[in-house]
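For reference, the chains in residue letters:
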Amino acid sequence: MFSTILSAAVLGIDAYPVQVEADICDGLPQFSMVGDLAAEVKEAADRVRTALRNNGIAFPAKKVTVNLSPAHIRKEGTRFDLPVAVALLTALGIIPREHTEEILMVGEIGLNGLVRPVSGVLQSVMLAKERGYTACLVPAANVREAASVPGILVIGIQNLQELLECLVSEGIPERYIRKEEFLPEQDVEYQEDFRDVNGQEGVRRAAEIVAAGMHNFLMIGSPGAGKTMIARRIPTILPRLTVEESLEISRVYSACGLLVGEGLAKIRPFRAPHHTISANALAGGGRKILPGEISLATHGVLFLDELPEFSRSALEVLRQPMEEGQVTISRANGKYVFPAHFVLISAMNPCPCGYYPDRDKCRCLPGEISRYLHRVSWPLLDRIDICTETPRVDYQGLTRKGENESSAQIRERVEAARKIQKRRYQGQHWQFNSRIPVSAIPEFCVLGSSEMRIMEAAFERMNLSARAYYRIIRVARTIADLEGEERIRDIHLLEALGYRSVDQNFWDR
Ligand SMILES: [Zn+2]
């Protein structure tokens, strides 16, 4: 008897259709699995046979062949256990063939018959929807994630017995069917709020500009100045997630197995990898190609605390994704492209001890300070638009009475500035001021003659690189947008120059 079941492989963050075929015939008893399979896929043979036996289904002493096609797609993980089991049960005549048609299945099966969650369910269900299948059969733990895709029936099961209940007799029992549940935009509140940040007016202002134009940001300050506290609150002032953004974030999380038990992403990511992270873990890759931290931060914040402590190779891999909004990983079997539309928020101490330029407290030698600062390379600094000092908050600032502005209030202004950018860049391949290509700057960032003079003087005095020069203009564009002004004025430029002069103070070329 021959049978075939629909399933899906996930490579990177994309799902591809896979047919699981089973053939059982007379001959020497053996069980073979073919079709470019990773070791753990082949082990499905043992897991499934044992699970069936433990659930009272005797396996016949016959020749069994399971083929996963197409052969050119690499199959990895334990997600094929469930379709392999169903293909065998159908080939054995236990499940009627017509009950499995048009249903995509993924899931891992334990030796006792429990069905366990797998990664990549969201994109598998999206694929089933695109292909016009009627239903998806998934582990119960993946049901919330699967049900995020509207317009397709989702069946969630916990074990082999429930599988049989669903597929052996006519009609699937109501209790296994998850009704459509699509929760796109919701007013989900973050746990953090800018209301909790006392003092730090300058840094709050900088954070608002960062959020409004998606500008990369560096905070330099002593330990305890609240750099991490501010970084954690930046997602809360970014605009609310759109459905498209939520889907893109969720696909990345699902591929990494981080969406189990969850629905679609409702808040913007905040990723804060430790400085010991490898370049691979940051950019993505590994034996099984998975997105890295920069993709897990997509449409949100990538926070690198203690920036000089990161390895050079780790910081190097950031450069290309920061420019392109995506990361490309090339391997012998193909190219993987993952989204990386993050804003980089970074923080560091001004010197190894943390107290420079306070000479009363700082005991670092000039050479030590210079070596410490220069662990952050110029090419990376050149990609940071806004640099501020975060002073320690004095006692008065800490105990200040009266209400601080909340994240919701700041977000309102950020959203208004984003609306202006959206209108202005309609039909262009970029959306934010920080991403305006150099060639388009004369069109979108017109400077009058007095503004030109300011920039000319600054260019000379501050010894700016061309890259830094354009970054200042992009920041000034955002400052003007926050004020609802179409023209960039000198005050906007002067403020933007201030955000570059900080790093000029610390680093000399
Ligand atoms: Zn020091």
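Residues numbered from 1 in each chain as written. Predicted model: local features only at pLDDT ≥ 70, side-chain atom pairs only at ≥ 80, totals over all residues. Heavy atoms only, no water.

Observations concerning the overall build of the protein
Threshold: Each helix corresponds to a stretch of at least 4 residues labelled H or I by DSSP, and each strand to a stretch of at least 2 residues labelled E; elements are numbered beginning at the N terminus. Burial classification: accessible surface area is computed with a 1.4 Å probe over protein chains only, and a residue below 20% of its type maximum counts as buried, one above 50% as exposed, and the rest as partly exposed. In what follows, a contact means two residues having at least one pair of non-hydrogen atoms within 4.5 Å. All tallies of charge rest on Lys and Arg as positive and Asp and Glu as negative; His and the ends of each chain are not included. Charged groups are reduced to one reference atom each: NZ for lysine, CZ for arginine, CG for aspartic acid, CD for glutamic acid.
When its secondary structure is counted, the protein shows 20 helices and 19 strands. In terms of overall dimensions, the protein has a C-alpha envelope of 85 × 50 × 45 Å along the principal axes. Burial statistics for the protein: of 509 residues in total, 54% are counted as buried. In the protein, 74% of the contacts between residues at least 6 apart in sequence involve partners at least 24 apart. Within the protein, the 64 negative side-chain charges are centred at a point lying 3 Å from the centre of the 61 positive side-chain charges.

Regarding the pairing of strand β16 (residues 326-331)
How we decide: A pair of strands is considered paired only if DSSP assigns at least 2 bridges between the two.
Taken together, the 6 bridges between β16 and strand β17 (residues 334-339) define a ladder with antiparallel strand orientation. Following the sheet pairing, Gln-326 is matched in β17 by Pro-339. Between β16 and the antiparallel strand that follows it, β17, lie 2 residues.

Things to note about the coordination of the zinc ion
So the rule is basically this: Any N, O or S atom lying within 2.8 Å of the metal counts as a donor, and for Na, K and Ca the limit rises to 3.2 Å; water is left out, so some sites can look incomplete. Angle rules define the geometry names used: all angles between 85 and 135 degrees makes four donors tetrahedral, while opposite donors over 155 degrees apart and all other angles between 65 and 115 make four donors square planar and six octahedral, leaving every other case irregular.
Cys-351 (SG), Cys-353 (SG), Cys-362 (SG) and Cys-364 (SG) make up the full set of protein donors to the zinc ion, lying at 2.2 to 2.4 Å. Classification of the site at the zinc ion rests on its 4 donor atoms, whose angles at the metal span 104 to 113°, yielding the label tetrahedral. Along the chain, the residues donating to the zinc ion are arranged with the sequence spacing C-x1-C-x8-C-x1-C. Highlighted residues: Cys-351 in the loop between β18 (343-348) and α13 (366-373) and Cys-362 in the loop between β18 and α13, separated in sequence by 11 residues.

With respect to the pattern of salt bridges
As a reminder, the rule being used: The working definition used for a salt bridge is a side-chain nitrogen of Lys or Arg within 4 Å of a carboxyl oxygen of Asp or Glu.
For the coordinates displayed, the defined rule picks out 29 salt bridges. Taken together, the shared-partner salt bridges in this structure form one network comprising Glu-323, Arg-383, Asp-385, Arg-467 and Arg-471.

Section: helix α6 (residues 160-167)
One turn of an α-helix holds 3.6 residues; hence residues three or four places apart share an orientation. The cut-off we apply is this: Within 3.5 Å is the distance limit for a polar contact, defined as a pair of N or O atoms, with the added protein rule that one can donate a hydrogen and the other accept it, and that residues adjacent in sequence qualify only through two side-chain atoms.
By the criterion of burial, α6 is predominantly enclosed, with 6 of the 8 residues buried. Among the residues making up α6, those that are buried are Leu-160, Glu-162, Leu-163, Leu-164, Cys-166 and Leu-167. The backbone nitrogen of Gln-161 lies 3.2 Å from a side-chain oxygen of the residue at the head of α6, namely Asn-159.

Here we look at the sheet that holds strand β11 (residues 217-221)
What counts here: Convention adopted: a line fitted to C-alpha atoms gives each axis, helices being fitted over their contacting stretch, and angles between N-to-C directions are expressed from 0 to 180 degrees.
On the basis of which strands lie adjacent, the open sheet formed by 5 strands has the order β12-β15-β18-β11-β19 and parallel pairing. The open sheet has two edge strands with one neighbour each: β12 (270-271) and β19 (386-390). For β11 and β18, the ladder comprises 4 bridges, and the chain directions are parallel. The partner of Ile-220 across the bridge, within β18, is Met-348. Strands β11, β18 and β19 of the sheet are contacted by helix α7 (residues 201-213), whose axis makes an angle of about 160° with β19.

So, the packing of helix α3 (residues 81-91) against α6
Rule in force here: Working rule for angles: under 35 degrees goes down as roughly parallel, over 145 as roughly antiparallel, 65 to 115 as roughly perpendicular, anything else as oblique. In this scheme the crossing of two helices becomes right-handed for a clockwise turn of the near helix relative to the far one and left-handed for an anticlockwise turn of less than a right angle.
Running from amino to carboxyl end, α3 crosses α6 at an angle of 55°, the nearest separation of the two axes being 12 Å. Regarding the angle of α3 to α6, the classification is oblique. Judged by the twist between their axes, the crossing of α3 over α6 is right-handed. Residue-level contacts link Leu-82, Val-86 and Leu-89 of α3 to Leu-163, Leu-164 and Leu-167 of α6.

Things to note about the nonpolar core
Generally speaking, soluble globular proteins have nonpolar side chains that are buried together. Formally: For the purposes of this section, nonpolar cores are sets of buried Ala, Val, Leu, Ile, Met, Phe, Trp, Tyr and Cys residues that join through side-chain atoms within 4.5 Å. Reported domain spans reflect what an automatic or database domain assignment gives.
Core analysis: the largest hydrophobic core is formed by 116 residues, its most contacted members being Met-33, Val-66 and Trp-507. Take this core: its biggest share by element is 8 residues, from α3. Both domains that furnish three or more residues to this core are identified here as domain 1 (2-178) and domain 2 (194-427). Listed in part, the 55 residues of the second largest apolar core include Ile-237, Met-455, Ala-468 and Leu-482.

Re the packing of aromatic side chains
Given two aromatic rings, one states the distance between the centres and the angle between the planes to describe the pair. Selection criterion: Aromatic rings from Phe, Tyr and Trp, with only the six-membered ring used for Trp, were paired whenever their centres fell within 6.5 Å, and each pair was classed as stacked if the ring planes differed by under 30 degrees, edge-to-face if by over 60, and tilted otherwise.
Taken as a whole and assessed by the stated rule, the structure comprises 8 aromatic pairs. Aromatic side chains Trp-430 and Phe-444 sit 5.8 Å apart centroid to centroid with 80° between the ring planes, which places their arrangement in the edge-to-face category. Here Trp-430 is found in the loop between α16 (407-424) and α17 (441-444), whereas its partner Phe-444 is found in helix α17, with 14 residues between them in sequence. Across this residue pair, the class does not change: Trp-430 and Phe-444 are buried.

Examining unusual backbone geometry
Omega for the peptide link from Ser-69 to Pro-70 comes to 5°, which places this bond in the cis form. Of note, Pro-70 is situated in the loop between β4 (63-69) and α3. Backbone torsion omega between Tyr-356 and Pro-357 reads 5°, so that peptide bond is classified as cis. As for its placement among the helices and strands, Pro-357 is situated in the loop between β18 and α13.

A few points about the environment of Gly-213
Take Gly-213: it is sitting in helix α7. A residue is classified by how much of its surface remains accessible, and Gly-213, at 0% relative accessible area, is buried. Through-space distance from the C-alpha of Gly-213 to that of Val-414 is 8.4 Å; in sequence the pair is 201 residues apart. Residues within four places of Gly-213 in sequence aside, it is in contact with Gln-421, Phe-432, Asn-433, Ser-434 and Thr-478.

Describing the environment of Ala-135
Summarising the element assignment, Ala-135 is placed in strand β8 (residues 135-139). Given a relative accessible area of 3%, Ala-135 falls into the buried group. Here the alpha-carbon distance between Ala-135 and Glu-293, two residues 158 residues apart in the chain, equals 33 Å. Leave out the neighbours within four places in its chain, and Ala-135 touches Glu-102, Ile-103, Leu-104, Ile-152, Leu-153 and Ile-155.

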